[in-house]
Amino acid sequence: MYDGSIAGFYCCVFESVYSRQIPCDIFVSHQAPYTLLPQKLITTDSQKAARVYRSIPLKISQQALRLVEVVFLSCMKQKELALLRFLLLAYRCNAKIMQMLAHPLVAPLLAAERHIRNESHLLRGFIRFADYDGILAASITPKNFVLPLIANHFITRFSDEDFLIFDKTHHAALTYQNRKKNFISVKEIEFSPASENENYYQALWKQFYNTVAIEARDNPKCRMTQVPKRYWENMTEMKDLL
Amino acid sequence: MDLMTKLKILSNGAKYDAACTSSGADRPGNRGLGSALAAGCCHAFSADGRCISLLKVLMTNQCIYDCKYCINRSSNDIQRAAFTPEELAELTIQFYRRNYIEGLFLSSGIIKNPDYTMEKMIAILEILRRKYDFYGYVHAKTIPGASPELIYKLGLLADRLSVNIELPSERSLNQLAPHKTKQAILTPMRQIADGLCSSKEERFLYKHAPRFAGAGQATQMIIGATPENDFSILRLASFLYEKYQLRRVFYSAYIPAVEDSLLPALNTKPPLLREHRLYQADWLIRQYDFSADEILSEETPNFNPYLDPKCNWAINNMGRFPIDVNKASREDLLRIPGIGPISAKRIIIARKAGKLGIAELKRIGVVLKRAQYFIITRDNPSGPHLNNETVLRALIDPKVYRTDMEQLSLFPEETDPRLPSPQDFTSVTQAAEEVVLSLSRSL
Ligand code: SF4
């Protein structure tokens, strides 16, 4: 069991390497199931974490570090265990591991990486902001924890604005205010009702959205593959169709 | 007139333009509003399944010209409207801030004369770029017949310029768009191509030289309004890619807008499958190193409706297969049906770590449904032994089942002589089976 942070995870790696034990699973403490199997609580120690963190680009490669960091944000089942086993193997194969795309310990991580990268790509387009007195705010319900991956995109896009993206699934938010970004953890955010001006722009957008579709080419099936239904609830122009 | 009505009229007038991509410009923002990403970004998909990336509108739908295929032509009795520059700039900004769009696609009907129209378009873009400090994507359509200075000015403000060819031959152009000439289209294209070239050189020498249409130029052709065959359209497209450095050619299936003896009847369905095949072939030319002559020929000048162009090429070149995935070059891998640039790249990396068999290919995400008939793998060193019929059945494009028979009969008479004529069948399934048999006999 560990505290759920990436540093905490690196400490699990540290523990496993030095105790020469491979756990049968790794849990975040408050989500751990009741079990008769022996459990071990790994406390997060920033020095141990830093040693593991530094060892990855050194002994394996920069690319592998990137993979570990991204997959750690993904919704892959038992990702900690999968990442640990990957790292143990990688410490033996070094940089070559990143060529072993078809290895049973590597392929699932690459698939998880594709999944989260794809979701962040879609969300860069599908996120809808509303203007609350000059602050732009949006809600998302992604499967993966994509906020860290999309943050920079929106910061360059809205460098002079203040904005907030609330991830309802992971109870977290990205805030950007006075050119400073912050990740905070929050259970719920109450948005005040939209202003008249905001409603007007939403109506204009829906007008545009409905007008550009060419009737003679109607193809709802194709739209469904392009915008899976689970994104609709947060999209101004799709909400009404649900 | 209120903004809501204007938006409705002016987006309706622009929606038949197929281009809506925001790709090709790499300009990260760090001040003002917006950035442009090289990869482009779809913000929404309309009910017809097309990507919405830009606010695609006309500045005005008034037009002094009378192009027969166009809903904005002067003789058409429709309501007219025009945005004021302020209005449109504000709308773009507000849509952009809400992440509805990646930028603006601006085109226009022609008011008074081409230069006057261009000046007004430039005014809108100047407000956007200067007053609002807008760094998002702008695609502007140049007005045929506008002067070179104005085209240059427009190019300094826009990321991408387009000059629409509209009709794929001079003869059709003369018949249906009497105000436009081949020259009036190719001259600005040449100018833009040269402008792109010299802007690149200057920027190489002086970092702060002005950027002229950083995302290049594009064009569009209307498909099915006039009798050109697929081969001539494809050849024209590859000519434009080569000689005019176009980034993209868009194809737009003609949707009847008017009853005219020179145009298809009003109840004609848009040739969507044909448009789809053109995009596939275009993709093969741009991303897979195919040439137009490999895809079609004088003898078979039109696409096979049942097979996508790559599969069609493969079954006609069975001598090139099977290809050994553990040895083949990237170019050869890309010739295998079902393997694209991403799969090819993964294969090339993964085989460095060990020879690949079917299980390994599956694990790295290669889709084998079609590819399996064309490859040699570690566990199958002699390659597949299959008859042509089995292969063909696996290659038939499922898309053909989704479109109706009418689609198929839209293909002009000179379709591949080996293909049975679609009129003879009651169902697509039956037709597809017949295609399998007759094609495999002729191989
Ligand atoms: S010039 Fe353009 S807007 Fe005017 S009728 Fe021709 S195609 Fe339509």
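Residues numbered from 1 in each chain as written. Chains lettered and ligands numbered in written order. Predicted model: local features only at pLDDT ≥ 70, side-chain atom pairs only at ≥ 80, totals over all residues. Heavy atoms only, no water.

Examining helix H4 (residues 79–93) of chain A
Residues and elements named next belong to chain A. Spelled out, the test is: Helix and strand definitions here come from DSSP, where helices need a minimum of 4 consecutive H or I residues and strands a minimum of 2 consecutive E residues; each element is numbered from the N-terminal end. One less than the number of residues in a helix, times 1.5 Å, gives the span that helix is expected to have. Working definition: with a 1.4 Å probe on protein chains only, accessible area under 20% of the residue-type maximum means buried, over 50% means exposed, and in between means partly exposed. Residue contacts are counted whenever heavy atoms from the two residues lie within 4.5 Å of one another.
In a regular helix each residue adds 1.5 Å, so 15 residues correspond to 21 Å; H4 covers 20 Å between its end C-alpha atoms and thus fits that length. Taken across its 15 residues, H4 has 12 buried, putting it largely inside the fold. Looking at H4, one finds that the buried residues are Lys-79, Glu-80, Leu-81, Ala-82, Leu-83, Leu-84, Phe-86, Leu-87, Leu-88, Leu-89, Ala-90 and Tyr-91. As for H4, its buried residues are in contact with helix H1 (6–19), helix H2 (46–60), helix H3 (62–72) and helix H5 (107–126). Remark: Asn-94 follows H4 within two positions and exhibits a positive phi of approximately 60°.

Considering a nonpolar patch on the surface
Just so we agree on the cut-off: Every patch collects residues that have over 30% relative accessible area and no salt bridge, joining them within 9 Å if they carry like charges and within 5 Å if they are nonpolar side chains (Val, Leu, Ile, Met, Phe, Trp, Tyr). Only the protein chains shown count as cover for residues, with accessible areas throughout obtained via the Shrake-Rupley method and a probe of 1.4 Å. The salt bridge definition used is simple: a Lys or Arg side-chain nitrogen within 4 Å of an Asp or Glu carboxyl oxygen.
Taken together, Phe-204, Leu-205 and Tyr-206 of chain B make up a surface patch of nonpolar side chains, about 440 Å² in accessible area. In this fold, Tyr-206 of chain B is placed in the loop between helix H6 (182–205) and strand S7 (217–223).

Notes on the interface of chain B and chain A
Many authors give the size of an interface as the accessible area that is lost as the parts come together. Which entries qualify depends on this criterion: Buried area: the accessible area, evaluated with a 1.4 Å probe, that two parts lose upon being put together, summed over both parts. By the criterion applied in these results, polar contacts are pairs of N or O atoms within 3.5 Å in which, for protein atoms, one can donate a hydrogen and the other can accept it, and in which residues neighboring in sequence qualify only through two side-chain atoms. Note on residue classes: Ala, Val, Leu, Ile, Met, Phe, Trp, Tyr, Cys and Pro are nonpolar, Asp, Glu, Lys and Arg are charged, and everything else, Gly too, is polar.
With 58 residues of chain B in contact, the opposing surface of chain A contributes 57 residues. Roughly 5000 Å² of surface becomes buried between chain B and chain A when both sides are summed, with 60% attributable to carbon and sulfur atoms. Linking chain B with chain A are 5 salt bridges. Across the pair Glu-102 of chain B and Arg-157 of chain A runs a salt bridge, and its minimum N-O distance is 3.0 Å. Seen at the junction of chain B and chain A, the total is 21 residue pairs in polar contact (both at pLDDT 80 or more). Where the side of chain B that touches chain A is concerned, the elements lending two or more residues are helix H1 (3–12), strand S1 (44–45), strand S3 (54–58), helix H2 (85–97), helix H8 (272–287), helix H12 (341–350) and helix H13 (358–363) of chain B. Its residues placed into classes, the side of chain B that touches chain A shows 28 nonpolar, 14 polar and 16 charged.

Concerning the domain arrangement of chain A
Residues and elements named next belong to chain A. Rules: How far each domain reaches was decided by an automatic or database domain assignment.
The domains assigned to chain A are domain 1 (6–117) and domain 2 (122–241). In this structure, domain 1 and domain 2 have C-alpha centres spaced 32 Å apart. In total, about 610 Å² of surface goes out of reach between domain 1 and domain 2, with carbon and sulfur atoms giving 63% of it. For domain 1, the biggest contributors to the area lost against domain 2 are Leu-73, Cys-75 and Ile-116; these three give 68% of the whole.

A look at the environment of Asp-332 of chain B
All names here are of chain B. On the secondary structure map, Asp-332 appears in helix H11 (residues 330–333). Classification of Asp-332 by relative accessible area gives partly exposed; the value is 30%. Measuring from C-alpha to C-alpha, the distance between Asp-332 and Tyr-288 comes to 9.7 Å, with 44 residues separating the pair along the chain. When neighbours within four sequence positions are excluded, Asp-332 is seen to be in contact with Arg-320 and Ile-323.

With respect to the nonpolar core
The cut-off we apply is this: What is meant by a nonpolar core is a set of buried Ala, Val, Leu, Ile, Met, Phe, Trp, Tyr and Cys residues, joined one to another through side-chain atoms within 4.5 Å.
Core analysis: the biggest nonpolar cluster contains 199 residues, and Phe-9, Phe-86, Phe-163 and Ile-165 of chain A together with Leu-55 and Phe-95 of chain B have the highest contact counts within it. By residue number, the principal contributor to this core is H4 of chain A, which donates 9 residues. When residues no more than four places from it in sequence are discounted, the contact partners of Phe-95 of chain B are Tyr-201, Leu-204, Trp-205 and Phe-208 of chain A together with Leu-7, Leu-55, Tyr-100 and Ile-101 of chain B. In terms of nonpolar packing, the next biggest core, distinct from the first, is built from 8 residues, Cys-20, Leu-54, Ala-215 and Phe-250 of chain B among them.

Details of the site of the ligand
Residues and elements named next belong to chain B. Inclusion rule: Definition of nearness: a residue and a molecule or strand are near each other if at least one heavy atom of the residue lies within 4 Å of the molecule or strand. Of the grid points, spaced at 1 Å and generated over the protein atoms alone, those admitting a 1.4 Å probe that cannot get out make up cavities, while open sets with protein on both sides within 12 Å along at least five of seven lines make up pockets; any residue with an atom within 4 Å of a point is treated as lining. Molecules are considered to sit inside a cavity or pocket once more than half of their atoms lie within 2 Å of its grid points.
Around the ligand, the surrounding shell consists of Cys-63, Tyr-65, Cys-67, Cys-70, Asn-72, Arg-73, Gly-109, Ile-110 and Lys-180. At a threshold of 2 Å from the grid points, most atoms of the ligand map onto the largest cavity. Taken together, the residues that form the shell around the ligand break down as 5 nonpolar, 2 polar and 2 charged.

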